[in-house]
Amino acid sequence: MKDVMLGNHAASHGARLSKVDVIAAYPITPQTLIVEKLSELCADGDLNAKFIKVESEHSAMAACIGAEAAGARSFTATSSQGLALMHELLHWASAARLPIVMAEVNRALAPGWSIWTEQTDSLAQRETGWLQFYCENNQEVLDTVIMAYRIAEQVLLPVMVVLDAFILSHTNEIVDVPEQAMVDSYLPPYQPEFKMDVNNPHAFGGLVTPDNYMEMRYKIHQAMQRAKTVAVEADQEFQEIFGRSYGVMEAYKLDDAEYVIMSAGAITSMLRVIVDAYREKGLKLGLLKIKMFRPFPTEIFKKLLAGRKKIGVLDRDISFGATGIFFQEIKAALYPEKKNGVPALFGYVMGLGGRDITLSHLEQMVDHMMSHDEPEEDSVWIGLKK
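Everything numeric in this text was worked out from a predicted model, so none of it was measured.

S.K.: I tried to follow the overall build of the protein on my own but got confused; where do I start?
M.R.: A count of helices and strands for the protein gives 12 helices and 15 strands. By the compact-globule yardstick of 21 Å for 386 residues, the protein fits well, its C-alpha radius of gyration being 21 Å. Counting every position in the protein, which comprises 386 residues, the buried fraction comes to 56%. Pairs at least 24 residues apart make up 80% of the contacts formed inside the protein by residues separated by at least 6 positions.

This is the structure in structure tokens:
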């Protein structure tokens, strides 16, 4: 059934279709509509879940951790400062191997106060052991929440489903909402091998000495590495049932492309327009969309970019004192290779704090890349006021 809905509500319906058992809710703009919709679904009897109102985002994640430890499929949503407040418990969730799924609506961090989109908040959590998937449109948001549980419960790691504030969260788009029976055939009930059970007691969260701590971390790393394969398989299985596929990276007009631009999230749709425009001018330009950021699909990325001449990376984020964060990851993936034959890599920072990224800005990015043989600096800022 097709419906018109906000990106936030697409996340809510993804959780409903995933038959979550527990929802922990604390409001923060611009994600509040996600948990509000879930509260309505619970109140109306459309979702049989425990809706827990908590006093902070830290408590929201704590509630999800407790629920998952008891064997309940759990969901929450947050944004920006709320995600930052969760930071301690993000580590706890991954280290305890709890497959929580959370919608994260990108919002710039304060100060100065901002409610508009920027991807620094989610990217700043890249070391917490959470998988991260970035969405381009509302259909992808709904579908990715369902796929997130499928992946998370196989590798026993939590997943963050990321969407842009207002560009997706508060924008209505047509979304194909699948039938419950189709989702049930794709996503089996959550049945963890170990959980808090008075009839089958185990110890959880105890002190770990140096004799074992490092091995626990290695197993998390192994699970994250395994997630690369599991995510590809989950996407292929999703396509077989629902007829839609996103891949862990999506190529657009890349087959014969000599030059490639890269991005993640909603801005990717505008880059498709730019690729088409430059193709009409005769430039062999292609696009590579980053959907899965953690684990970073290095092997797929290197295969797709082999033989290109130049790559331009758009970052709607910044690691102060360094570069855009996507640029860092891509540079790290490319440059273990021999220098000869590696494409020139250009980084572009724009759109921070929700500042509009226009087609003119994107043309500036492509024109800059095409007019330079090598980057003069790691990050070119576009759209700054003089």
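From this point on, the discussion continues.
S.K.: Can you walk me through helix H4 (residues 80–95) in this structure?
M.R.: At 3.6 residues per turn, the α-helix brings residues three or four places apart onto the same side. With 16 residues, H4 should reach 22 Å at 1.5 Å per residue; the first-to-last C-alpha distance of 22 Å fits that figure. The sharpest bend along H4 comes to roughly 60 degrees, located at His87. Listed in full, the buried residues belonging to H4 are Ser80, Gly82, Leu83, Met86, Leu89, Leu90, Ala93 and Ser94.

S.K.: What exactly am I supposed to notice about unusual backbone geometry here?
M.R.: With glycine set apart, most residues show a phi of negative sign, and most peptide bonds adopt trans. Geometrically, the link from Ala110 to Pro111 is a cis peptide bond, its omega value of -15 degrees lying close to zero. Looking at the secondary structure, you find Pro111 in the loop between strand E5 (101–106) and helix H5 (120–123). In this structure, the amide linkage connecting Pro111 to the following residue, Gly112, adopts the cis form with an omega of -10 degrees. A positive phi angle, near 60 degrees, is found at Arg97, a position not held by glycine. On the secondary structure map, Arg97 appears in the loop between H4 and E5. At Leu156, a position not held by glycine, the phi torsion is positive, near 55 degrees.

S.K.: Is there a simple way to think about the packing of aromatic side chains in this case?
M.R.: The way to describe two aromatic rings as a pair is by their centre distance and the angle between their planes. In this structure the tally under the stated criterion is 8 aromatic pairs. For the pair Tyr186 and Phe238, a centre-to-centre distance of 5.4 Å together with 90 degrees between the ring planes defines the contact as edge-to-face. In this pair, Tyr186 is assigned in helix H7 (residues 180–186) and Phe238 in helix H8 (residues 210–242), connecting sequence segments 52 residues apart. Assigned by exposure class, Tyr186 and Phe238 land together as buried. Taken together, the ring pairs in this structure connect Tyr134, Phe293, Phe296, Phe301 and Phe326 into an aromatic cluster. In this structure, Arg150 is placed above the aromatic ring of Tyr186, and the distance from its NZ or CZ to the ring centre is 5.0 Å. When the ring centre of Phe293 is taken as origin, the NZ or CZ atom of Arg294, which lies over that ring, is 4.8 Å away.

S.K.: Hey, could you run me through the layout of surface pockets in this one?
M.R.: If a probe the size of a water molecule is rolled over the atoms, the empty space left behind becomes visible. Quantified by volume, the largest pocket comes out at close to 1100 Å³. Along the walls of the largest pocket sit 30 residues, with Ala95, Ala96, Arg97, Phe204 and Met216 positioned nearest its centre. Among the elements of the structure, helix H3 (57–69), H4 and H8 are those that each provide at least two residues to the lining of the largest pocket. Per-element tally for the lining of the largest pocket: the top contributor is H8, with 7 residues. Put simply, the second largest pocket is a space of about 300 Å³. As for the second largest pocket, its lining consists of 16 residues, and the residues nearest its centre are Glu127, Gly129, Ile220, His221 and Met224. Looking at the lining of the second largest pocket, the elements that each hand over two or more residues are H4 and H8. Sorting elements by how many residues they give to the lining of the second largest pocket places H8 first, with 6 residues. Looking at the lining of the second largest pocket, its residues break down into 5 nonpolar, 6 polar and 5 charged.

S.K.: In this structure, what is going on with the environment of Ala62? I would like to understand it.
M.R.: Positionally, Ala62 belongs in helix H3. C-alpha separation for the pair Ala62 and Leu89, spaced 27 residues apart in sequence, amounts to 6.7 Å.

S.K.: Which parts of the structure should I look at to understand empty space enclosed by the protein?
M.R.: Under the criterion given, the structure shown has 2 cavities of 30 Å³ or more. Its volume calculated, the largest cavity comes out at about 80 Å³. Looking at the largest cavity, the residues that line it are Phe133, Thr144, Met147, Ala148, Ile151, Ala231, Asp235, Tyr246, Gly247, Val248 and Lys291. Breaking the lining of the largest cavity down by element, the ones donating at least two residues are helix H6 (138–155) and H8. In the lining of the largest cavity, the residues fall into 7 nonpolar, 2 polar and 2 charged. The space that makes up the second largest cavity amounts to roughly 30 Å³. Considering the residues around the second largest cavity, the lining is formed by Gln119, Ser263, Ala264, Ile267, Leu314, Arg316 and Phe326. Of the residues contributing to the lining of the second largest cavity, the split by class is 4 nonpolar, 2 polar and 1 charged.

Definitions and limits used
Residues numbered from 1 in each chain as written. Predicted model: local features only at pLDDT ≥ 70, side-chain atom pairs only at ≥ 80, totals over all residues. Heavy atoms only, no water. Helix = DSSP H or I, 4+ residues; strand = E, 2+ residues; numbered from the N terminus. Rg over C-alpha atoms; globule rule 2.2 N^0.38 Å. Buried < 20%, exposed > 50% of the residue type's maximum accessible area, 1.4 Å probe, protein only. Contact = heavy atoms within 4.5 Å. Expected span 1.5 Å × (residues − 1). Bend = angle between axes of the 7 residues up to and from the residue. Phe/Tyr/Trp six-rings, centres within 6.5 Å; stacked < 30°, edge-to-face > 60°. Lys NZ or Arg CZ within 6 Å of the ring centre and 35° of its normal. 1 Å grid on protein atoms, 1.4 Å probe; cavity = no way out; pocket = protein on both sides within 12 Å on 5 of 7 lines; lining within 4 Å. Points joined across faces, edges and corners; volume = space filled by probe spheres on them. Nonpolar A, V, L, I, M, F, W, Y, C, P; charged D, E, K, R; others polar.

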